[in-house]
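Chains, contacts and geometry: an overview
Single-letter residue listing:
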Amino acid sequence: MCGIVAGIAERNVVPVLLEGLRRLEYRGYDSCGVAVLRDGAPHRVRSLTRVRSLDREVREMGLEGWTGIAHTRWATHGAPATQNAHPIFSQNEIAIVHNGIIENFEALKITLSGAGYEFASQTDTEVIAHLIHSYYQGDLAEAVRRAVSELRGAYAIAVFCKSEPERVVGARYGSPLVIGINGKESFLASDPLALSDVTDRFIFLQDGDIADLSHNGTRVMNRDGQPVVREARTLAHPPTEAALGPYRHFMQKEIFEQPLAVSKTFPRNSAFDASLFGATDPQAFAQIDRILLLGCGTSHYSALTAKAWFESIAKIPTQVEISSEYRYRETIPGKNTLVVPISQSGETADTLGALMHAQSLGQDHTLAICNVATSAIVRQSRWSFITQAGPEIGVASTKAFTTQLVALFVLAVTLGRARGYVDAQQEASYRSQLSGLSTALQGVLAREPQIIAWAHEIARTDSAIFLGRGSHFPIALEGALKLKEISYIHAEGYPAGELKHGPLALVTDAMPVVVTAPNDGLLEKLKSNIQEVRARRGQVYVFADADANLSNEEGLRVIQMPEYYGALSPILHVLPLQLLAYHTACTRGTDVDKPRNLAKSVTVE
Ligand code: F6R
């Protein structure tokens with residue numbers, strides 16, 4: 001989703017800005033742009049193609065300057081079009097880039113139009129540009145401060161103005177923004193990754209902060225204009241985008257990285273201990289009596305999968321909420337509830353909002369499951385567990401999901417141990433299942449050639465149904481989500497027992513029905529559901545455990561999985577569904593790593 005890079009350098013800042021944008025590309029965008037101050041006026045280049053093309057145009061034009069701002073835009077207000085791409089100017093004096101959504105932009109627009117401002121774009125950002133211009137009286141930071149005090153919604157902005165060429169001002173509320181410092185140079189970015197080429201010293205701004213960057217140093221003030229101290233932190237360089245190696249796409253590479261990612265997330269022989277989650281008091285979890293899991297999309301499905309573990313292993317009532325729903329609904333808070341926001345990026349606006357909402361209700365036992373140690377959700381949480389998936393570039397989440405599941409399973413066992421429901425023998429058994437997971441996943445990945453053959457068939461359809469039962473129902477949901485987001489085939493996941501309550505009406509001989517069939521206590525019931533589909537001539541594709549006793553018959557195609565893997569079986573069963581979606585998308589020729597309309601880091605509501 002939208003990305004910001006800005007800075008005031010002691011050299012031509014444009015290459016830094018463009019490299020920063022390139023590093024943020026994986027988040028998804030539909031336009032990009034850069035502006036610098038040169039010869040006393042702002043100059044910009046905006047593009048509806050990729051950062052690579054923007055770079056070419058910038059070189060051709062010879063765009064150079066020491067002060068600049070740049071942006072990748074994921075359209076919210078106004079279509080992807082050049083006039084809506086950032087940077088946005090006001091009166092050719094103020095230049096701004098913006099992430100987030102301004103909720104009261106229409107009311108502000110009416111007022112500003114009344115004051116004579118003309119609008120050249122459909123963006124909410126232009127309102128901020130004009131507002132800053134209207135308040136500008138020789139002090140950019142003060143004009144920004146006054147302007148943002150009128151905004152409702154979320155924003156991270158970087159601004160320069162033609163009258164103060166050696167100054168860049170940033171502000172944030174609800175959307176992330178960091179300062180990067182390199183001697184007399186200072187930069188702003190929505191993610192430290194964007195600046196990892198120029199610095200490892202960062203200041204994370206907090207909501208309401210305004211940052212004033214100049215060659216004289218960096219000043220941070222709060223919304224009242226009072227100076228505030230924000231500590232600078234040295235970060236080990238975030239890993240840069242890795243090479244594709246032998247793989248065609250990052251998604252395929254990331255699917256195949258899962259055996260390593262899960263073993264890094266829970267190294268062999270680790271203890272199931274509260275310290276794994278950053279709790280110093282071994283009794284930290286003892287009083288927890290309820291769990292609230294928060295997440296969106298794939299992270300929500302990992303929460304749904306884990307609910308079964310928390311209830312069966314740790315015997316704790318567990319509530320799963322979609323972040324964007326939870327934050328606006330009346331709920332009954334619990335003093336001893338452990339609130340667990342789950343997020344690959346750690347920047348998802350809905351999940352961050354849901355976490356803060358949970359905290360505002362007095363629930364302060366918070367534990368983030370996240371793949372990015374420096375992210376807003378981790379910083380906002382009391383405890384955290386950082387999954388070791390490594391950077392996930394493909395927009396469709398794969399290894400982040402399975403490592404989240406490992407983290408949640410480890411948390412369930414840790415809580416079960418703390419509450420006396422898991423004895424030493426069970427603990428040893430769970431540890432050995434986790435230790436063997438990596439090898440088991442390699443066995444599943446070896447099925448890729450058979451899955452490719454199925455993908456060629458599924459690629460010809462417009463619609464598919466995914467079925468699972470119990471802890472594998474969320475895996476069916478995840479399989480359907482993967483297929484729809486990258487192949488654009490309409491797909492729905494259902495608990496298999498629900499089929500006869502409606503969706504069965506969709507089943508014809510043209511409908512592929514993909515089933516995840518572990519050899520668990522629900523297998524016989526699932527087999528009956530499969531028969532219901534076959535009786536309507538539906539085309540059934542089953543991923544069945546080797547000991548599930550299912551084999552190829554007419555109308556029934558079976559790929560044999562390894563033998564049943566116990567409580568961790570959902571982690572094994574999601575891999576073939578990821579591969580099926582991936583190869584179906586490749587067959588249909590879609591842009592697998594950057595599917596249309598989607599972004600990797602969803603920083604707006
Ligand atoms: C789907 C996918 C999304 C994310 C969702 C939450 O493949 O990646 O559904 O899971 O946008 O993102 P995070 O986990 O970063 O909070």
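Quick caveat, the model's predicted, so the values are computed rather than measured.

This part takes up the overall build of the protein. Along its length, the protein carries 17 helices and 24 strands. For a compact globule of 605 residues, the expected C-alpha radius of gyration is about 25 Å, and the protein comes in at 26 Å, within 12% of that figure. The burial tally for the protein puts 60% of its 605 residues in the buried class. On the protein, roughly 22,900 Å² of surface is accessible, and the fraction owed to carbon and sulfur atoms is 48%. When the 57 positive and 64 negative side-chain charges of the protein are each reduced to one mean point, those points stand 2 Å apart.

With 7 of its 7 residues buried, strand β7 (residues 155–161) lies for the most part within the structure. The alternating pattern of β7 places Y155, I157, V159 and C161 and A156, A158 and F160 on opposite faces, both of which are buried. With 6 bridges joining them, strand β6 (residues 94–99) and β7 adopt antiparallel strand pairing. Bridged to N99 within β7 is A156. The pairing of β7 with strand β8 (residues 167–173) spans 5 bridges and is classified as antiparallel. Note on β8: the bridge partner recorded for I157 is A171. Linkage of β7 to β8, two consecutive antiparallel strands, is achieved through a turn of 5 residues.

What follows concerns the side chain of H130. Note on placement: H130 falls in helix α4 (residues 125–135). What makes H130 buried here is its relative accessible area of 1%. Apart from the residues within four sequence positions on either side, H130 is in contact with F89, S90, Q91, L112, Y117, E118 and F119.

The next subject is the site of the ligand. Around the ligand, a shell composed of 14 residues is seen, among which S299, S343, Q344, T348 and E485 lie nearest. Residue S343 places a side-chain N or O atom 2.7 Å away from an oxygen atom belonging to the ligand. Separating an oxygen atom of the ligand from a side-chain N or O atom of E485 is a distance of 2.5 Å. Protein chains shield 89% of the accessible area of the ligand, which is 400 Å² for the free molecule.

This part is about the environment of L244. Checked against the element boundaries, L244 lands in the loop between β14 (232–234) and α6 (250–256). Each C-alpha atom of the pair L244 and E254 lies 9.6 Å from the other, and the pair is 10 residues apart in sequence. Those residues in contact with L244 that lie beyond four places of it in its chain are H249, F250 and K253.

This next bit is on the domain arrangement of the protein. When cut into domains, the protein gives domain 1 (3–234), domain 2 (250–441) and domain 3 (448–588). A C-alpha centroid distance of 46 Å is found between domain 1 and domain 3.

Another point: the packing of aromatic side chains. Considering all chains together, one arrives at 10 aromatic pairs under this definition. When the ring of F266 is compared with that of F272, the centres are 5.2 Å apart and the planes differ by 25 degrees; the resulting orientation is stacked. A relative accessible area of 4% places F266 in the buried class. Looking at F272, the relative accessible area reads 6%, which means it is buried. Plain terms: the ring middles of W309 and F409 are 5.1 Å apart, the flat faces sit at 85 degrees to each other, and that makes the pair edge-to-face. Of the two residues, W309 sits in helix α8 (residues 297–312) while F409 sits in helix α12 (residues 399–418), which places them 100 residues apart along the sequence.

A sheet is described by the order of its strands in space; here 5 strands give the open sequence β21-β20-β22-β23-β24, paired in parallel fashion. In the strand order of this sheet, the two ends are held by β21 (490–495) and β24 (556–561), each with one partner. Across this sheet, the average inter-strand angle for adjacent strands is 20 degrees, counted without regard to direction. Contacts from helix α15 (residues 473–487) reach β20 (463–468), β21 and β22 (512–517) within the one sheet, and its direction differs from that of β21 by about 180 degrees.

For the rest of this paragraph, the subject is the packing of helix α14 (residues 448–458) against helix α17 (residues 569–588). Two elements in contact, α14 and α17, have axes whose closest approach is 8 Å; the angle formed by their N-to-C orientations is 50 degrees. When the axes of α14 and α17 are compared, the pair comes out oblique. Here α14 runs over α17; the crossing is right-handed. Residue-level contacts link E448, I451, I452, W454, A455, H456 and I458 of α14 to P576, L579, L580, H583, T584 and T587 of α17. Grouping the constituent residues of the contact of α14 with α17 by class yields 8 nonpolar, 4 polar and 1 charged.

The rules behind the values
- Residues numbered from 1 in each chain as written.
- Predicted model: local features only at pLDDT ≥ 70, side-chain atom pairs only at ≥ 80, totals over all residues.
- Heavy atoms only, no water.
- Helix = DSSP H or I, 4+ residues; strand = E, 2+ residues; numbered from the N terminus.
- Rg over C-alpha atoms; globule rule 2.2 N^0.38 Å.
- Buried < 20%, exposed > 50% of the residue type's maximum accessible area, 1.4 Å probe, protein only.
- Areas by Shrake-Rupley, 256 points an atom, 1.4 Å probe, with all protein chains shown as cover.
- Lys, Arg positive; Asp, Glu negative; His and termini not counted.
- Charge placed at Lys NZ, Arg CZ, Asp CG, Glu CD.
- Pairing = 2+ DSSP bridges.
- Contact = heavy atoms within 4.5 Å.
- Near = heavy atom within 4 Å.
- Polar contact = N/O pair within 3.5 Å; in protein donor to acceptor, adjacent residues only side chain to side chain.
- Domains from an automatic or database assignment.
- Phe/Tyr/Trp six-rings, centres within 6.5 Å; stacked < 30°, edge-to-face > 60°.
- Axes fitted to C-alpha atoms, helices over the stretch in contact; angles between N-to-C directions.
- Parallel < 35°, antiparallel > 145°, perpendicular 65-115°, else oblique.
- Left-handed = near helix turned anticlockwise from the far one by under 90°.
- Nonpolar A, V, L, I, M, F, W, Y, C, P; charged D, E, K, R; others polar.

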